[in-house]
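Residue strings, one per chain:
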Amino acid sequence: MESIENPRYEIRQATMEDIPELIRMQVALQKDMDNIRKNLLRPSQTNIAGLREYYCDRIRDEQTQMLVALPTESSRAVGMGAGKIWLHAEYLPPRSGELIDLWIDPAHRRKNLARRIIAHLLRFFRLNRVDFLVVSYVEGNRLGESLWKRLRFEPVLVTATADRKEVEERLQMPTRRVAPLAYRTTLASKPAISMTPSTVV
């Protein structure tokens, strides 16, 4: 493993010119997670316009630091990571920092790029006096689990998913055909059809 201050790679704030590479890495990240767990809520792979808007907002947002990693001899990003400050006066602590979209291309792993990105994000949080940090990762992601455990992140909340039909089967619920809500709403909005002949005037 190489030194954390590897001079062959640069970590800098993302710009609008980096958006195509950010989208590429986000698609790769999602594909990687899909290979680990199939029962995930996921963005549509065809929603490239939505991803473009998402990263434009991330780059413009003063409460977010969006970073990219790239070889010093190249302008093509090979890693990314973001830190987002959330303000919530109704909770304690009143502000938190979320680590989002951490990704390193496979060919550039084991070079401490993830740790360097996280270190930059920690400086961003420190400057903004944010101490409470949150990260979400997919269960079974051994690289992610190992990294966050080494950095003293502790799982405290479980998000579980299920197929409705399988839950109904476990509860031994009787199955019957039910009209979709949208269809029932459409029917309810239509005037009732009278079976009484109209009066001829």
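The structure reproduced in this document is the subject of the present report.

1. Digging into the pairing of strand β2 (residues 64-71)
Alright, step 1. Of all 8 residues in β2, 8 are buried, a share of seventy percent or more.
Alright, step 2. Burial of the side chains of β2 extends over both faces: Thr64, Met66, Val68 and Leu70 are buried on one face and Gln65, Leu67, Ala69 and Pro71 on the other.
Alright, step 3. Of the pairings in the sheet, the one linking strand β1 (residues 9-13) to β2 comprises 5 bridges and is antiparallel in character. Its bridge partner being in β2, Tyr9 is matched across the sheet by Pro71.
Alright, step 4. Relative to strand β3 (residues 79-87), β2 runs antiparallel, the two sharing 6 bridges. Each bridged residue has a counterpart across the sheet, and for Thr64 the counterpart in β3 is Lys84.

2. Structural notes on the environment of Pro155
Alright, step 1. Here Pro155 is to be found in the loop between α4 (142-150) and α5 (164-170).
Alright, step 2. Classification of Pro155 as exposed rests on a relative accessible area of 63%.
Alright, step 3. Each C-alpha atom of the pair Pro155 and Tyr137 lies 9.9 Å from the other, and the pair is 18 residues apart in sequence.

3. Remarks on the pairing of β3
Alright, step 1. Most of β3 sits inside the fold, with 7 of its 9 residues counted as buried.
Alright, step 2. In this structure, β3 lies alongside strand β4 (residues 95-104), joined through 8 bridges in antiparallel fashion. Bridge pairing links Ile85 to Gly97 in β4.

4. Focus: the nonpolar core
Alright, step 1. Within the largest apolar cluster, 20 residues are counted, with the highest numbers of intra-cluster contacts made by Ile11, Leu99, Leu113, Ile117, Leu121, Phe125 and Trp148.
Alright, step 2. Among the elements of the structure, β1, β2, β4, α3 (113-127) and α4 are those that each provide at least two residues to this core.
Alright, step 3. Among all residues touching Leu113, those that are not within four sequence positions of it are Tyr9, Ile11, Ala69, Val78, Ile104 and His108.

5. Side note on the pattern of salt bridges
Pairs may arise between side chains of opposite charge once their charged atoms sit close together.
Alright, step 1. Per the counting criterion, the structure on display carries 6 salt bridges.
Alright, step 2. A salt bridge links Asp18 to Arg12; the nearest nitrogen and oxygen atoms lie 2.7 Å apart.
Alright, step 3. Judged by relative accessible area, which is 5%, Asp18 ranks as buried.
Alright, step 4. The exposure class of Arg12 is partly exposed, given its relative accessible area of 23%.
Alright, step 5. For the salt bridge of Arg164 with Glu168, the shortest nitrogen-to-oxygen distance reads 2.9 Å. Here the residue Arg164 and the residue Glu168 both occupy positions in helix α5, the gap between them amounting to 4 residues, near one helical turn.
Alright, step 6. What emerges from the salt-bridge pattern is a single network uniting Glu21, Arg24, Arg76 and Asp105.

Here is what the cut-offs are and how they apply
Residue numbering note: each chain is counted from 1, following its sequence as written. Reporting of local features is limited, given that this is a predicted model, to residues whose pLDDT is at least 70; pairs of side-chain atoms are given and counted only at 80 or more, and all residues count toward the totals for whole chains, interfaces and linings. Side-chain numbers here rest on the full set of heavy atoms in the structure, without hydrogens or water. Each residue gets one of three labels from its accessible area relative to the maximum for its type: buried under 20%, exposed over 50%, partly exposed in between, using a 1.4 Å probe on protein chains only. Numbered from the N terminus, helices here are DSSP runs of H or I no shorter than four residues, and strands are runs of E no shorter than two. For two strands to be treated as a pair, DSSP must find at least two bridges joining them. What we call a nonpolar core is a set of buried Ala, Val, Leu, Ile, Met, Phe, Trp, Tyr and Cys residues that are connected through their side-chain atoms within 4.5 Å. Pairs of residues are marked as contacts when any of their non-hydrogen atoms sit within 4.5 Å. A pairing counts as a salt bridge when a side-chain nitrogen of Lys or Arg comes within 4 Å of a carboxyl oxygen of Asp or Glu.

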